[in-house]
Amino acid sequence: MNAVRRIAVVTGAGSGIGRSVALELAAAAKDTGARPGWAVALAGRRAEALEETAALAGPDADVLCVPTDVTDPAAVDALFAAVRDRYGRVDLLFNNAGTFGPGGIPFEDVPYSAWRKVVDVNLTGAFLCAQAAFRHMKDQDPQGGRIINNGSVSAQVPRPHSAPYTATKHALTGLTKSISLDGRPYSIACGQIDIGNAATEMTQAMQAGILQANGELAAEPVMDAADVARTVRHMAELPLEANVQFATVLATNMPFIGRG
């Protein structure tokens, strides 16, 4: 890893978990102590949202905003080329961009277009970003880096009417394991964080009431997204000789253990 400063790429950095993680890493650059700080490339579809994240990071943060559609191979290549041109290397990818897709639609009524959109963002987008990061980490000197995939607790247990989202998150677990294996010769570590009910724009409905496996609607507790961000930072700052393969961070009282 870079002895002076490490370089992170965060996708979906314009809001939610991605914004929280980007701000946590950017703030780490101001910390005192033995560990070097982070420069952060912010990737996402909306330029204005990325600029908001950059503004929240403050004037002393070293951030780069790169509007990116993760489903477009050319856009992903351009993202990592911009990072290489600005910083010279990539030490971390937080592979976070994702979408729930349509909610509340029974499995038999899910449109193909909705299925395809969720797969394109959550799985194909994650693959494209991981592959681009892997290539840079393999070729750079010193070699290596870390990829952290945002799996969601739906990578373990589904919610009702969530087939596209759940399928992509289960697939992401397989991708994480494959990258972990294939990255060993090149000092590329890969782990996955499965997140449940962080308080973001995407989870507002859970606090009002969401469908449970028994058919009832129930409000669910949430946790601060900053708690997730600190966990990602811990995973990111381990030496490459150590890896958190899978971590689950969730609101303590949410219906996950015993769901269904």
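Our structure is the block above this text.
First things first, this report covers the structure right here in the doc. Note that the coordinates shown come from a computational prediction; the quantities given were computed from them, not determined experimentally. (Residues numbered from 1 in each chain as written. Predicted model: local features only at pLDDT ≥ 70, side-chain atom pairs only at ≥ 80, totals over all residues. Heavy atoms only, no water.)

## What about the sheet that holds strand β6 (residues 188–196)?
The parallel open sheet is built from 7 strands, whose spatial order is β3-β2-β1-β4-β5-β6-β9. At either margin of the open sheet sits one strand with a lone partner, and together these are β3 (63–67) and β9 (246–250). In this sheet, neighbouring strand axes are inclined to one another by 20° on average, regardless of whether the strands run parallel or antiparallel. Judged from the 3 bridges that link them, strand β1 (residues 5–11) and strand β4 (residues 92–95) form a sheet pairing that is parallel. Following the sheet pairing, Val 10 is matched in β4 by Phe 94. Docked against the sheet, helix α2 (residues 47–57) engages β2 (37–44) and β3, running at close to 170° with respect to β3. Contacts from helix α5 (residues 163–183) reach β5 (145–150), β6 and β9, with the element oriented near 160° to β6. (Pairing = 2+ DSSP bridges. Helix = DSSP H or I, 4+ residues; strand = E, 2+ residues; numbered from the N terminus. Axes fitted to C-alpha atoms, helices over the stretch in contact; angles between N-to-C directions. Contact = heavy atoms within 4.5 Å.)

## Some points on the layout of surface pockets
Here the second largest pocket defines a volume of roughly 200 Å³. Residue assignment for the lining of the second largest pocket shows that the elements contributing at least two residues are α4 (112–139) and α5. Tallying contributions element by element places α4 first for the lining of the second largest pocket, with 5 residues. Looking at side-chain class alone, the lining of the second largest pocket contains 6 nonpolar, 2 polar and 2 charged residues. (1 Å grid on protein atoms, 1.4 Å probe; cavity = no way out; pocket = protein on both sides within 12 Å on 5 of 7 lines; lining within 4 Å. Points joined across faces, edges and corners; volume = space filled by probe spheres on them. Nonpolar A, V, L, I, M, F, W, Y, C, P; charged D, E, K, R; others polar.)

## Remarks on empty space enclosed by the protein
Taken as a whole, this structure holds 1 cavity of 30 Å³ or more when the rule is applied. Around the largest cavity, the lining is made up of 13 residues, and of these Asn 95, Asn 96, Ala 97, Asn 122 and Ala 126 lie nearest the centre. When residues in the lining of the largest cavity are grouped by element, the largest group, 5 residues, is from α4. Within the lining of the largest cavity, the residues separate by chemical class into 6 nonpolar, 6 polar and 1 charged.

## Some details on the environment of Ala 189
On the secondary structure map, Ala 189 appears in strand β6. Put simply, Ala 189 and Leu 92 are 97 residues apart on the chain and 9.5 Å apart in space, counted from C-alpha to C-alpha. Aside from chain neighbours lying at most four places away, what touches Ala 189 is Gly 145, Arg 146, Ile 147, Leu 240 and Asn 243.

## Looking at the packing of α4 against α5
Direction vectors running N to C along α4 and α5 enclose 15°, while the axes themselves pass 9 Å from each other. Classified by the interaxial angle, the pair formed by α4 and α5 is roughly parallel. The handedness of the crossing between α4 and α5 is right-handed. Residues Trp 115, Val 118, Val 119, Asn 122, Leu 123, Ala 126, Phe 127, Ala 130 and Phe 134 of α4 pack against Ala 163, Pro 164, Tyr 165, Ala 167, Thr 168, Lys 169, Ala 171, Leu 172, Leu 175, Ile 179, Asp 182 and Gly 183 of α5. (Parallel < 35°, antiparallel > 145°, perpendicular 65-115°, else oblique. Left-handed = near helix turned anticlockwise from the far one by under 90°.)

## Here's the deal with the packing of aromatic side chains
Applying the stated rule across the entire model yields 2 aromatic pairs. Taking the centre distance of 4.9 Å and the plane angle of 70° together, the rings of Phe 100 and Tyr 165 count as edge-to-face. In this pair, Phe 100 is assigned in the loop between β4 and α4 and Tyr 165 in helix α5, connecting sequence segments 65 residues apart. Of the residues examined, Phe 100 reaches a relative accessible area of 31% and is grouped as partly exposed. A relative accessible area of 12% places Tyr 165 in the buried class. The interplanar angle of 80° and the centroid separation of 6.0 Å between the aromatic rings of Phe 134 and Tyr 186 together place this pair among those described as edge-to-face. One end of the pair, Phe 134, is in helix α4; the other, Tyr 186, is in the loop between α5 and β6, with 52 residues separating them in the sequence. (Phe/Tyr/Trp six-rings, centres within 6.5 Å; stacked < 30°, edge-to-face > 60°. Buried < 20%, exposed > 50% of the residue type's maximum accessible area, 1.4 Å probe, protein only.)

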